[in-house]
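Residues per chain are reported as follows:
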Amino acid sequence: MSAPPSLRSLSSLARSVPAWLTHPLGWRSAPIPWTAVLRGALSAGPLLALGLLTGHLSQAVLAGLGAMLAGVNDRPGTRRTGVVHIGLPAVGGALGLLCGGLLADGGSRWTAVPALFVVGWLSGALSVTGPVWSAAAMQCLVTASIGAGMPIPGPAWLKAVCYLGGAAWLLLLRFLLRAPRHMLRRGARREGEREAVAAVFDALADALLALGGSDAEPARRRLIAAQHRADESLRLMRLLPFPGRREGRGSAQAYRITERFAAATALCEAGIALLWEGRPLPRQVAEAPRLLAAAVRADSAPGALASPVSDTVQRGAFDRALLAAAVTFDRTALRGTPVAPAQTGPSEPYEPDAPARPTRPVRHPRPSPNTRGVRRALKELTARGSLRTLGRVFAPARRENALRVALCVAASTAVALSLHQTHWYWLPATAAFLVKPDLGPLFSRVVNRVAGTATGVLVFTVLTLAMAGLGALWWLVAVVVAGGALIPVATRHFGFQTAVVTLLVLSFVYALGDTEATAARLLDTALACGIVLLVGHLPHLTDPRVRVGHRFAVALRRTERYLRHVLDAPETAPTASAGAPGTEDTAGTAPVAPRGGDATGIALRYAAYRALSEARAAAETAAAELPGPHRAHRHDWLAVMARAERIVDAATVCAVRVEQGVPRPTATEARWVTEALAATADALEGGRGTPMPTLPPVPKDCRSLRDVMTELHGIQSLTTVT
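Residues numbered from 1 in each chain as written. Predicted model: local features only at pLDDT ≥ 70, side-chain atom pairs only at ≥ 80, totals over all residues. Heavy atoms only, no water.

K.L.:
An account of the overall build of the protein is requested, with residue identities and associated values reported.
P.N.:
When its secondary structure is counted, the protein shows 29 helices and 2 strands. Within the protein, the fraction of its 722 residues that count as buried is 53%. Here the contacts in the protein between residues at least 6 apart in sequence split such that 81% fall between residues at least 24 apart. Put simply, the protein shows about 30600 Å² of open surface, and 63% of that area lies on carbon and sulfur atoms. (Helix = DSSP H or I, 4+ residues; strand = E, 2+ residues; numbered from the N terminus. Buried < 20%, exposed > 50% of the residue type's maximum accessible area, 1.4 Å probe, protein only. Contact = heavy atoms within 4.5 Å. Areas by Shrake-Rupley, 256 points an atom, 1.4 Å probe, with all protein chains shown as cover.)

Below you can see the structure in the form of structure tokens.
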């Protein structure tokens, strides 16, 4: 039955409203993380109470500030992901507080303008790297403003240590406070990694059930996101070993989880080929990964699995992957410590976006966290961002974002210094939060920031009037406890998060004696919003082709690397090396397996999909931006996104088909496609005034490569300025 005319008219009206108007009202729904709520309540509040008891109130406020900002980054995941997602931004915040404290102790207050310009430039350039580095860069910039503009007694190094101690306190709570079902379960130390792998199988089942329907594309994106979370969890399991027994159940668990994730990786690759094919599967076949998910959670075998009829190459690949997964699960079921097969083949080099070496079984005893292990972990964890990012700081996207952040923060600092003699940190800190493009569209951020600040100021003013007769400051502890508990829930909406953070920060500065701060914060927020809106819409700083095109360029380059790795594999290889001990000085040849499923190929495919997810976030943000000076040349980035997703899917299908014995495309066709991917990426990276390349002919003999070239032609037509 059709909907009533009134409902249809309301629906059409909602679709006609511009996205930049509806985005500020969006709310991300998710279950309430009760364990994170408890951690938030126990984070900054007890630190402030300890400061009131001991008389070290300024140190307690700094520690509470570190715990509060760490709580903003306290997202779902394993304990090891918490170490990175909370620890790295906390180190950046401590570094910023140290720089700000040295700046405040150094002399003229106006030196803060060029100093924060430099910090803002580096922060903006580093933000393009990824979400964790973006959070670290933002905390560094915000705390540099606080350290320079908030008069807190004590040396700069002590301020940084107190801030880092507050973040470490929240990390300790994350280690100690876990969900009750995880604490009581056998093998609970790796429960997070086990759940991440099980979520991959659940997401695969959802994607297979959606085959041929309108929900297939969203289901595929959820599958890729689940793979990324599991990949990160298992990489960190290898890189950050926790102290414990060297042998026994822990090593067997790590081996079991890694082997089962390897099976999930192969099965998901075949599943993406089925999604590309688009033919629905019988329900019992689509539900088979659900049995594997239950087996992961129970450390058991899955039992009988229904497989599809192998009437196409894609279905045959899924059938073989499902059989291999069943064998792996039966071999690694909890019947004692499994015996790892011998490793063959050369060791693969580390790739920054590589999975947790799924084709290489983990051979324990587990290493203790000695100095060499810590150095290796830090090297691998930071390889993706620091040195390479600083080396490419003048790339177009980094340069534009760095200049926008630096100008906004420097201008806000100059205005704040003109208005306030002390406590001038609010204006540049607000600008630092607002100018970050990965927090959503600019207009939406401004609206939510004003509304959230006004709400936080109003609530704190009411609380101050109600508690004025008490005299003591203990009521602030209750406010901080309640605000800390709300932070994990408030991250779903920028306005709600702003209100909670405003309430907490006003509590901290009130404890330090700044009792007249509430009214001035509204004016500072309005001025910061005006500055960010003005600078954020300058003609040479807002071209979305530079900001969004960079993300698509990265995705296409990584797809090109993956496709080149798959198609450049040699057909034959020597069976014996000349002069090797125990062999004759002769060399024969033997077929070489396709390389799409080896560790390097898996790493390259994961890197392509990870870049694709970052490009989608940038495209969705650009689609909801307020129309600016480039409105006449705005591209439909969401349509570009759909074509880029089909390109990466087609590259994955090409690898699956080659692995299943389909004849490899000719060297000429492979060269055409990879060079076209690289040339299109260069054109998108160049931004304004960079013409699109002339694309070669579409391959005729390989359907997957033909799809790649067809979608490249579509991207070229969508991004060509007329």
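K.L.:
Could you give me a rundown of the packing of aromatic side chains, with the residues and numbers involved?
P.N.:
Each aromatic ring pair is specified by the distance between its two centres and by the angle formed by the two planes. This model, assessed by the stated rule, comprises 7 aromatic pairs. Ring centres 5.6 Å apart and planes at 80° place the aromatic pair Phe-201 and Phe-329 in the edge-to-face group. Taken together, the positions of Phe-201 in helix α11 (residues 191-209) and Phe-329 in helix α16 (residues 313-332) put the pair 128 residues apart, joining distant regions of the chain. Looking at Phe-201, the relative accessible area reads 1%, which means it is buried. Judged by relative accessible area, Phe-329 falls into the buried class, the value being 0%. (Phe/Tyr/Trp six-rings, centres within 6.5 Å; stacked < 30°, edge-to-face > 60°.)

K.L.:
Would you mind going over the packing of helix α8 (residues 131-149) against helix α20 (residues 426-434) in detail, with residue names and values included?
P.N.:
Their axes nearest at 8 Å, the elements α8 and α20 cross at an angle of 170°. Comparing the axis directions of α8 and α20 gives the class roughly antiparallel. Pair α8 / α20 crosses with right-handed handedness. On α20, the residues that touch Met-138, Leu-141, Val-142 and Ser-145 of α8 are Pro-428, Ala-429, Ala-432 and Phe-433. Split into classes, the residues belonging to the contact of α8 with α20 amount to 7 nonpolar, 1 polar and no charged. (Axes fitted to C-alpha atoms, helices over the stretch in contact; angles between N-to-C directions. Parallel < 35°, antiparallel > 145°, perpendicular 65-115°, else oblique. Left-handed = near helix turned anticlockwise from the far one by under 90°. Nonpolar A, V, L, I, M, F, W, Y, C, P; charged D, E, K, R; others polar.)

K.L.:
I'd like a rundown of the nonpolar core, residues and numbers included.
P.N.:
Side chains of a nonpolar character, in soluble globular proteins, are inclined to be buried together. Membership of the largest hydrophobic core comes to 94 residues, with the highest contact counts inside it found for Phe-201 and Phe-552. Among residues more than four places away in sequence, those in contact with Phe-552 are Ala-615, Ala-619, Trp-637, Val-640, Met-641, Ala-644 and Leu-684. Counting residues in each nonpolar core, the second largest holds 72 residues, with Val-142, Ile-152, Val-409 and Trp-475 among its members. (Core = buried A, V, L, I, M, F, W, Y, C linked by side-chain atoms within 4.5 Å.)

K.L.:
Describe the pattern of salt bridges, listing the residues and the values that go with them.
P.N.:
Think of it this way: side chains of opposite charge can pair up when their charged atoms draw near. Applying the stated criterion to the full structure yields 30 salt bridges. For Arg-194, the salt bridge identified is with Asp-299, shortest N-O distance 3.2 Å. One end of the pair, Arg-194, is in helix α11; the other, Asp-299, is in the loop between α15 (288-298) and α16, and 105 residues separate them in sequence. Residue Arg-194 is classed as buried on the basis of its relative accessible area of 2%. The partner of Arg-220 in a salt bridge is Asp-649, and the shortest N-O contact between them spans 3.3 Å. Of this pair, Arg-220 sits in helix α12 (residues 216-239) while Asp-649 sits in helix α27 (residues 637-659); the two residues are 429 residues apart in sequence, bridging distant segments of the chain. Across the pair, exposure class does not vary: Arg-220 and Asp-649 are buried alike. (Salt bridge = Lys/Arg side-chain N within 4 Å of Asp/Glu carboxyl O.)

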